[in-house]
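# Understanding the architecture of this molecule
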Amino acid sequence: LLGEGNFSFAASLCGAAGTHVVATCYESEGDASRRGGAAESIRRLRESGGAEVVFSVDCTKLKDYFSPEKREFDCIYFNFPHCGRKAGVVKNRELLAHFFRSSAEVLAEEGEVHVALCNGQGGTPADQPRREWHNSWQIVAVAAGAGFILSDVHPFKAETIHGYKCTGYRSQDKSFCVEGALNHVFTRSTPLLCFSPVSCRIQLESQNISFQVPQVLVDKINRGFLAPNSNHPVQTVKEKLTAGLSQAFPLQSRDSCLSLLHQGHLRGVCHSSVFWVTLSPEETPSTEEMSHGLANTVLFSRVDFCQDTDKNVQEGCHSPKQFCLRPSLLPHAQAIIQEGAFLPGTLHVLSGPVFRRCRITPHSMPVFHEMLMVFAVNRGAESSCLQTLVNSIKTTIHSLHQTGIKPNISLREATSSETTELNDFAAFESQLSETQCFICTDTDPPGSCVGVIRTSHELISSELVVVFASLNLDLLAMLLCGISDWRMLWTRDTRFLRQFPRGELRLFKSFSLYPPSYVHDISFWVPEGEQFDEVAFHTVARGVSGDMVVSIQLRDSFQQPGTGRSSRCYRLTFQSCDRALGCREAAEMQLRFREHVRQHLGVTLR
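Residues numbered from 1 in each chain as written. Predicted model: local features only at pLDDT ≥ 70, side-chain atom pairs only at ≥ 80, totals over all residues. Heavy atoms only, no water.

- Looking at an unreviewed UniProt entry, one finds the chain named phenylalanine--tRNA ligase and attributed to Grallaria varia.
- A UniProt comment under Catalytic activity (unreviewed entry) is attached to the chain, and it reads "tRNA(Phe) + L-phenylalanine + ATP = L-phenylalanyl-tRNA(Phe) + AMP + diphosphate + H(+)".
- UniProt, in its Subcellular location (unreviewed entry) section for the chain, records the words "Mitochondrion matrix". (UniProt positions renumbered as here; feature names shortened; annotations may be inferred.)

### Here we look at a negative patch on the surface
- Together, Glu-69, Glu-72, Asp-74, Glu-109 and Glu-110 make up a negatively charged patch on the protein surface.
- Mapped onto the elements, Asp-74 comes out in strand S3 (residues 73-79).
- Taking the relative accessible area as the measure of exposure, Asp-74 reaches 59% and is therefore exposed. (Patch = residues over 30% accessible without salt bridge, like charges linked within 9 Å, V, L, I, M, F, W, Y side chains within 5 Å. Areas by Shrake-Rupley, 256 points an atom, 1.4 Å probe, with all protein chains shown as cover. Salt bridge = Lys/Arg side-chain N within 4 Å of Asp/Glu carboxyl O. Lys, Arg positive; Asp, Glu negative; His and termini not counted. Charge placed at Lys NZ, Arg CZ, Asp CG, Glu CD. Helix = DSSP H or I, 4+ residues; strand = E, 2+ residues; numbered from the N terminus. Buried < 20%, exposed > 50% of the residue type's maximum accessible area, 1.4 Å probe, protein only.)

### Some details on the nonpolar core
- Ranked by internal contacts, the top residues of the largest apolar core, which has 83 residues, are Phe-211, Leu-241, Met-373, Val-374, Ile-393 and Ile-483.
- Of all the elements, strand S16 (residues 367-378) adds the most residues to this core, at nine residues.
- Once residues within four sequence positions are removed from consideration, Val-374 is found in contact with Ala-333, Ile-337, Phe-342, Thr-346, Leu-347, His-348, Leu-350, Val-466, Val-467 and Phe-468. (Core = buried A, V, L, I, M, F, W, Y, C linked by side-chain atoms within 4.5 Å. Contact = heavy atoms within 4.5 Å.)

### Things to note about the packing of aromatic side chains
- If you walk through the whole model with that rule in mind, you get 25 aromatic pairs.
- The interplanar angle of 55 degrees and the centroid separation of 5.7 Å between the aromatic rings of Phe-524 and Phe-537 together place this pair among those described as tilted. With Phe-524 in strand S21 (residues 518-526) and Phe-537 in helix H14 (residues 534-545), the pair connects residues that are 13 residues apart, well separated along the chain.
- Taken together, the ring pairs in this structure connect Phe-9, Tyr-77, Phe-80, Phe-156 and Tyr-164 into an aromatic cluster.
- The lysine or arginine in question, Arg-565, covers the ring of Trp-525, its NZ or CZ lying 4.0 Å from the ring centre. (Phe/Tyr/Trp six-rings, centres within 6.5 Å; stacked < 30°, edge-to-face > 60°. Lys NZ or Arg CZ within 6 Å of the ring centre and 35° of its normal.)

Right, dumping it as C-alpha cells:
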C-alpha cells in the first residue's frame, strides 16, 4: 500500500486471512504519526503479525526499498495519488508514469496494480461525467507506457471499508472527494512483438519447399486453431456446426492435406487481393533453429517474395508458375470433385485458414478460418437441398445463442442486389463465381455477411448440380461470443483462451478496457500517371504495426498543376485490443510506416 495517509485503509486489510500487508507512506514516522488516528492504525498494523509499516517510501523508486529478488508483490495499491498543492494534470501524469514503471519492477508476473482516482481524473468512459481527454490524467495511456493494461474498473466504495477515513494530500484539512471515485485495476500486458522474417516449410507435389511469409501474416501462420484438441472458439463453432449438419446430411470431413498455396490465379479475383509468394528449395535449419524447435514448422529465411505493389502484379506475380497463399478453399473442393473422390448425396466439409489482402476496417480480416460445404444433387432438386442446408445452419446457430451467449442473432438470406454495402468477405466471395445467396446477420454491423452459397452446373455431369456453401468461422465466433474486435481471436494472451473451456462457447469479457488510441497523419506525392494502390497501402500499415492500425482515413487529395503528380494525406489511428500500446511505441510505428511506404510504394513523402 503506497501513499497511506492515516493508515486506516491498511488497518482495514491487515486482518484478511493469508494476506501480508506492507503499508507505506512518503513521510517520516514522526510526521505520519501526528495525523488524526494514524498512531492507532500503525499500532494495530504492527501488532497484527501480518503487516509491516515502512516510512519515507518514494512510490517512483520502489526497487530501492523492496528487492524483487527477495519478494514480489501480488497487489500494489495507490489510493488517490497526487503531487500536492496545485499541481496540474501534467505533473500528476508524470507522477503516475514514474509510479507505474517503478511498480513493474516489484510486481509479480500476474499481479495487479490498483489506483483509486477521484471522479473524472482517469479520463476513461467509466468516469461520469467524463472530462475532456486533455484535461484528465489519461491513466490508461500513462500505464501503457510501462506495459500495463486496464483490466477492471469499479466504484471505490469508501463506506464499505471498515474504519476507513479519507484524508487530503499529506493529511491536509481538506480531504479528497471520494464520491464517484473509481478504482482502476491494471495488469501486465503481453509484450509488443517484433517479428523477424519467417519462412514456412511445406511439402508441395512430393517436394519440400519453403516460402517467406508476408510480414502481415507472420503471427498468424500455423497457429493450430482448428487442431482436434483446440479449445479456441473458432474450433468450437466448427465442431458445433459439423454436428448440426450431420443431423441433416451424410457428412465427410476433408480437412487433411490441404495445401496453404494455390498455383496461378483464381478466375474473377483481383490480383491485388491475394498474397503472392515465391517458392524456394528447402533450407537446412541452423543449430540455433533446431534448438528452438523450429525445424519442422518455420525457419528464418532470406527468400524474396512478391507482395504489396502493383509493380509486382504487372511483372508477373500472377503468372501460372507463381503461387499465392490460398484466398479460398473453393479450388480444393473443385479439385476433389474433378479427381472423382466426390460422393453425390454426401456433404463434404473442408475447413482451414484462408488469406486475403484487404483494407483496414473493423470486420476486414487478412486471414480467417473458412468452412466450405459441398454436395451434389439432381438437377431440379437443388432448391430444396439449399433450403435444408440453410435451415440446418440457422438451427445450429440458434441453438448456440439459445444458451444465453449472445441474444438476438438471426440469419437471413440476401440476394446479390442487397449486398452492395456488405463486408469485404461478401465482396471477395462474389468475385469467385456466381453467388446464389448470402447468409447474413441482423446484428451490428447491420447485414454483416458470414456466409455465401453458390451453385455450379459444370463440374460433374449435366444431371447433377454442385452446391457450395462457405462460412466465415471467425465472424461467427465473434458474434456468438460477443467479441467486438477480430484481432482478439489471434491474441497470444492466455487470458483469452482461459475463458473458453474445451467445447464451450461463452460470452467474452475483455481483459483490456478502454485501450488508448493515437492519431498520426502522413502525406505524400504520387508520381504522375501512376495509380495508387490503397490495398497495398493498408497492407503495409498492417504489417509494420502488427495490426495495430485500426483506421485509415483519406483526409485530403489534390493534383499539382503543371507537374501532374497528385498529393494524398491520410490519418492513421493506432490502437491495440490486447496489449499495452504507449504513445512512444505508436510514434515509432508511424516512423517505420513512413519509411516502408517510401521504399515499397514509390511515393515521395511530404
